[in-house]
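# Structural description and commentary
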Amino acid sequence: QMQLVESGGGLAQAGGSLRLSCAASERTANTYTVAWFRQAPGKERDFVATIHGSSSDTYYGDSVKGRFTISRDNTKNTVYLQMNRLKPEDTAVYYCAAAPWWRSGWTESSTYTVWGQGAQVTVSS
């Protein structure tokens, strides 16, 4: 069974950086599209970024464009989310998720059927 394990969450100051990792138990290159979502207290789960499993095209939510970068290390079956210039409003639980590469709807949570356990990111003022 495909499993995703997240790491790298923690506390950062505004303007700082964190890198989240999403380690997959199976090969993701040319196999799975992987995305990051986040959910702040009392809010809906929002799309953050995705990297396509076949083309490696990337797409970002408007709130993180220019600050966050999604990437993949194919040798480690790991997807990363580099978060720079963090803002307090970035505070949330971040989830990685995977879907077969041929599925459409990259920004929709319903597209993804395998989810990581979540990583808390807290950004102080």
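Reference entry: report on the structure contained in this document. Throughout this document, residue positions are counted from 1 along each chain, in the order its sequence is written. Under the rules for a predicted model, residues below a pLDDT of 70 receive no local features and side-chain atom pairs below 80 are neither given nor counted, while totals for whole chains, interfaces and linings still include all residues. Where side-chain values are given, they derive from all heavy atoms of the structure, hydrogens and water being excluded.

With that settled, consider the packing of aromatic side chains. A pair of Phe, Tyr and Trp rings is counted when the ring centres sit within 6.5 Å of each other, with Trp represented by its six-membered ring. The angle between the planes then sorts it: under 30 degrees is stacked, over 60 is edge-to-face, the rest tilted. Summed over all chains, the structure comprises five aromatic pairs. Ring centres 5.7 Å apart and planes at 75 degrees place the aromatic pair phenylalanine 37 and phenylalanine 47 in the edge-to-face group. One end of the pair, phenylalanine 37, is in strand β4 (residues 32–39); the other, phenylalanine 47, is in strand β5 (residues 46–51), and ten residues separate them in sequence. Residue phenylalanine 37 shares its accessibility class with phenylalanine 47, and that shared class is buried. Members of the aromatic cluster, each reached through a chain of ring pairs, are Phe37, Phe47, Tyr59, Tyr95, Tyr112 and Trp115. Directly above the aromatic system of tyrosine 95 lies the positively charged group of arginine 45, at a separation of 4.2 Å from the ring centroid. For helices the rule is a DSSP run of H or I covering at least 4 residues; for strands it is a run of E covering at least 2, with both sets numbered from the N terminus onward. For the exposure calls, accessible area comes from a 1.4 Å probe over protein chains only, and a residue counts as buried if that area is under 20% of its type's maximum, exposed if over 50%, partly exposed in between. Each ring is checked for a lysine NZ or an arginine CZ that lies within 6 Å of its centre and within 35 degrees of its normal; such an atom marks a charge sitting over the ring.

Looking at the secondary structure, you find arginine 38 in strand β4. The class for arginine 38 is buried, based on a relative accessible area of 11%. In the structure, arginine 38 is positioned 54 residues away from alanine 92 in sequence and 5.8 Å away in space, judged by C-alpha atoms. Once residues lying within four places of it in the same chain are set aside, the contact partners of arginine 38 are Glu44, Arg45, Asp46, Val48, Ser63, Val64, Phe68, Glu89, Asp90, Ala92, Val93 and Tyr94. Side chain to side chain, arginine 38 and aspartate 90 meet in a polar contact 2.9 Å long. The criterion used for residue contact is that any of the two residues' heavy atoms lie within 4.5 Å. Any N or O atom pair separated by 3.5 Å or less is treated as a polar contact, with the protein-specific requirement of one donor-capable and one acceptor-capable atom, and with residues adjacent in sequence counted only for side-chain atom pairs.

Another point: the state of the cysteines. In what follows, a disulfide is any cysteine sulfur pair within 2.5 Å. Taken as a whole and judged by the stated rule, the model has one disulfide. Between the sulfur atoms of cysteine 22 and its disulfide partner cysteine 96 the distance amounts to 2.1 Å. Torsion about the S-S bond of the cysteine 22 and cysteine 96 cystine: about 70 degrees, corresponding to right-handed handedness. Taken together, the positions of cysteine 22 in strand β3 (residues 18–24) and cysteine 96 in strand β9 (residues 92–100) put the pair 74 residues apart, joining distant regions of the chain. Like cysteine 22, the residue cysteine 96 is buried in the burial classification.

This paragraph deals with the nonpolar core. Residues belong to one nonpolar core when they are buried, are Ala, Val, Leu, Ile, Met, Phe, Trp, Tyr or Cys, and are joined through side-chain atoms within 4.5 Å. Judged by nonpolar contacts, the single largest core of 30 residues is most densely connected at Trp36, Leu81, Met83 and Tyr94. When residues of this core are traced back to their parent elements, those giving at least two are β3, β4, β5, β7 (68–73), β8 (78–83), β9 and β11 (119–124). In this structure, Ala35, Phe47, Ala97 and Tyr112 belong to the second largest nonpolar core, which totals six residues.

What follows deals with the sheet that holds β7. Here we have four strands laid out as an open sheet, ordered β1-β3-β8-β7, and antiparallel in their pairing. The open sheet has two edge strands, β1 (4–7) and β7, and neither has a second partner. Each strand of the sheet is rotated relative to its neighbour by a mean of 20 degrees, with strand direction disregarded. For two strands to count as paired, DSSP must find a minimum of two bridges between them. Note that β1 and β3 share four bridges and pair antiparallel. Within the sheet, the bridge partner assigned to valine 5 lies in β3 and is alanine 23. Axes here refer to lines fitted to C-alpha atoms; in helices the fit is confined to the stretch in contact. Angles between the N-to-C directions go from 0 to 180 degrees.

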